[in-house]
Every structure is written in structure tokens, then in C-alpha cells.
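Given next are the chains, with one letter for each unit.
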Amino acid sequence: MKMNKMSELNNSLLMINSIYSSLTKSEKKVADTVLKDPEAAVFFTITDLAEKADVGETSVIRLCRKLGFKGYQEFKLSIVQDLATPAEQIHGEIEENDNTETVAKKITSQNTQALNNALSLLNEQHLVKIVDAMIAADSIFFYGVGSSGVTAMDAKYRFMRLGFQVDAIMDSHMMAMNASLAGKNDVVGVISTSGSTKDVVDAVTIAKASGAFIFCITNHAKSPVTQQADAVLLGTSRETPLQGGAFSSKLSQIHLLDILSTVIALRQKDKTYAALEKTAKAVSDKLY
């Protein structure tokens, strides 16, 4: 299935959360009204929704267009489709009096939901663009800081084992210098949960000016890093510290990297199999 715009993803409720931080105050009121009771919202006229949100009708239209819809009716239709195929329900927030078994079940349910959300948001055309660019690249660089930097190291390990010239950079100064040297045959993969980390965005701006192909894995569709990217892979954005914190985001990031690396491995089976075999033999004598 080809997916060209947000309205074709059949996940308008997820996309509202993904772009929420970039919305204006009035647009957030509309989004909050829809998210609070989507079942009721599908029966609202545009005037009804505007009155419920205490905003003008133009705010409703602006939100619809930011989501990629032509108008309000197309937006409502997408919500109806969302509700017709509901996602797995998260079994409540974690409470202080939850026992160990209940906590384990809730976290498992929430993390499963995070992976399902990432799949629902996956843009196939963007995925194919990234695969093509990485296969043709001279070098691949993954940028990330903090927890996302650890994920960048995971990505380096995975793609190195597949035979790519790849590095992961977590230091802001090294990131900037590397970006200045990146060329048109290089790929920069940016991992940033917020998509707004200044050190990363600054480096990506430099790499983009240098001609590198840029892709990002982020939770926010309308963040600064996505404005620089040639392709975007979205993870889930709904999380709180008591719902797994950064681990939920990390699971989505690793899940998307797993999909990406597996598609690439299947595209060039002979090369990747040979590389996996060589790297496995290189460390075979280090095992008991």
C-alpha cells in the first residue's frame, strides 16, 4: 500500500498527537475536543466542533489541513475509519497500589501499543527512499544525543554487521564537524524523540547544506528536524514517566530500525549474508 500523505495513513487520531506540540493554542483546543471524545466528534458539524472547542471555524480548517486533509469532511471520514478498526486498548495508567503482576501487564500492553502505533504511522514511500539511499551510500552516519544516542549506537552495530560503512555520533562538536564533511553520497540518520534537540538540528542543517541525504526517526511530525529531512519515520508520541518514559520511545525507534535493516538485508541478500557471516566468525573465538 502506497502512503503519500497523512490523510492516507488511516490514523488521524495518532497524527493529532504526533503534531500536537506544533499546533497553535486554538488548534490545540480543537484537537483536545476531538481526542477527548472522537466517537461524538464524528457527528459534529464544523460549526458544532468550533463551538465545543470555543474557537472559530477557521481553526478547525487549519487543523485539518495541517493533518493533510482537503477539508473537514475528509477529516471526519478518517476518524470514522480509525474507530472502525480500534487499536488495542491500554489497560489504564500505572497506579501506586498496582501489584507487580498488574504493572508488568500494563507496561506490556503499553509497549505493544507503541509498536502498533509505529506500524500504523509507517510511510512506505519514505521507507523505500531511505532504503534506496542507504544501499547507494558511500557512508552512513547516525546522530543522536542522550537516550537517542544509545539507539544510534544500536543502529551502528546493526548496519555494520550488514556490511555498511557506518558510524554513530553522540558528541555535539563531533556531530557538527562530521556534518560539514558529509557529501552527496552520504546518508545521515537522525534519531531524536522530540525532533527539537538543538545540537542535533544544528548538525542536520549543516549536513543538509553539504548535500547529504537526511532521514529521521522521531515522535513529532512537525518538529524542526523533520523540516530538514528527506524522509521521516514516526514513532509513537503518547507517553508519561509512569508509562515507561523513554523506554516506550526507544522501543519504537528500535522497531523502526529493525524494519529498515531487515528490508535492506532482503534487498541485497548475498552481500548482507556474507557480511553477517564474516562478522560472526570475527568474534567466534571470544565465546566460551
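What you see is a predicted model, and the numbers here were worked out from it, not measured in a lab.

(A) Up close: the overall build of the protein. Scanning the protein from terminus to terminus reveals 14 helices and five strands. Restricting to contacts in the protein with at least 6 residues of sequence separation, those with at least 24 account for 70%.

(B) Molecular detail of the packing of aromatic side chains. Under the defined criterion, the tally for this structure stands at five aromatic pairs. Taking the centre distance of 6.2 Å and the plane angle of 90° together, the rings of Phe142 and Phe215 count as edge-to-face. Note that Phe142 is positioned in strand β1 (residues 139-143) and Phe215 in strand β4 (residues 213-218), a separation of 73 residues in sequence. An identical accessibility class is assigned to Phe142 and Phe215; each is buried. One aromatic cluster in this structure is built from Phe142, Phe159, Phe164 and Phe215. Here Lys271 stacks its cationic end above the ring of Phe164, 5.1 Å away from the centre of that ring.

(C) Inspection of the pattern of salt bridges at higher detail. One pass over the full model with this rule turns up nine salt bridges. Residues Arg62 and Glu27 are paired through a salt bridge, measuring 3.2 Å at the closest nitrogen-oxygen approach. You can see Arg62 sitting in helix α5 (residues 57-66) and its partner Glu27 sitting in helix α2 (residues 25-36), a full 35 residues away along the chain. For Glu27, a relative accessible area of 1% puts it in the buried group. Overlapping salt bridges bring together Glu27, Arg62 and Lys66 as one network.

(D) View of helix α9 (residues 147-161). An ideal rise of 1.5 Å per residue puts 21 Å on 15 residues; α9 measures up with 22 Å between its terminal C-alpha atoms. Taken as a whole, α9 has its buried residues at Ser148, Gly149, Thr151, Ala152, Ala155 and Phe159. Along the long axis of α9, the arc covered by the buried residues comes to 150°, so they all point the same way. Where α9 terminates, the next one or two residues include Gly163, which has phi positive at roughly 95°.

(E) Here's a closer look at the sheet that holds strand β2 (residues 166-169). Here five strands make up an open sheet; going across it, the order is β2-β1-β3-β4-β5 and the pairing parallel. If you trace the sheet from one side to the other, it starts and ends with β2 and β5 (231-234), each paired once. Shown here is a sheet whose adjacent strand axes are inclined to one another by a mean of 15°, direction ignored. Judged from the four bridges that link them, β1 and β2 form a sheet pairing that is parallel. Among the inter-strand pairings, Phe142 is bridged to a residue of β2, identified as Ala168. Sheet strands touched by helix α10 (residues 172-181): β1, β2 and β3 (186-191). Its angle to β1, the strand with the most contacts, is close to 150°.

(F) Highlighting the packing of α10 against helix α11 (residues 198-209). Here α10 crosses α11 at 15°, and the two axes come no closer than 7 Å. Between α10 and α11, the interaxial angle falls into the category roughly parallel. Considering the relative orientation of α10 and α11, their crossing is right-handed. In this structure, α10 contributes Ser172, Met175, Ala176, Ala179 and Ser180 to the contact, and α11 contributes Asp199, Val200, Ala203, Ile206 and Ala207.

(G) Inspection of the side chain of Thr272 at higher detail. You can see Thr272 is positioned in helix α14 (residues 269-282). The residues contacting Thr272, other than those within four sequence positions of it, are Arg161, Leu162 and Ala265.

(H) Highlighting the environment of Asp132. Secondary-structure assignment places Asp132 in helix α8 (residues 124-136). Separated by 135 residues in the primary sequence, Asp132 and Arg267 have C-alpha atoms spaced 9.6 Å apart. Within polar-contact distance, the side chain of Asp132 engages the side chain of Arg267 at 2.9 Å.

(I) Representation of the packing of helix α1 (residues 12-19) against α2 in the model. In contact at an axis separation of 11 Å, α1 and α2 are set at 140° when each is read in the N-to-C sense. As the angle between them shows, α1 and α2 are arranged oblique. The handedness of the crossing between α1 and α2 is left-handed. In contact with Leu13, Ile16 and Asn17 of α1, α2 contributes Ala31, Val34 and Leu35.

What counts, and where the lines are drawn
Residues numbered from 1 in each chain as written. Predicted model: local features only at pLDDT ≥ 70, side-chain atom pairs only at ≥ 80, totals over all residues. Heavy atoms only, no water. Helix = DSSP H or I, 4+ residues; strand = E, 2+ residues; numbered from the N terminus. Contact = heavy atoms within 4.5 Å. Phe/Tyr/Trp six-rings, centres within 6.5 Å; stacked < 30°, edge-to-face > 60°. Buried < 20%, exposed > 50% of the residue type's maximum accessible area, 1.4 Å probe, protein only. Lys NZ or Arg CZ within 6 Å of the ring centre and 35° of its normal. Salt bridge = Lys/Arg side-chain N within 4 Å of Asp/Glu carboxyl O. Expected span 1.5 Å × (residues − 1). Arc of directions from axis to C-beta. Pairing = 2+ DSSP bridges. Axes fitted to C-alpha atoms, helices over the stretch in contact; angles between N-to-C directions. Parallel < 35°, antiparallel > 145°, perpendicular 65-115°, else oblique. Left-handed = near helix turned anticlockwise from the far one by under 90°. Polar contact = N/O pair within 3.5 Å; in protein donor to acceptor, adjacent residues only side chain to side chain.

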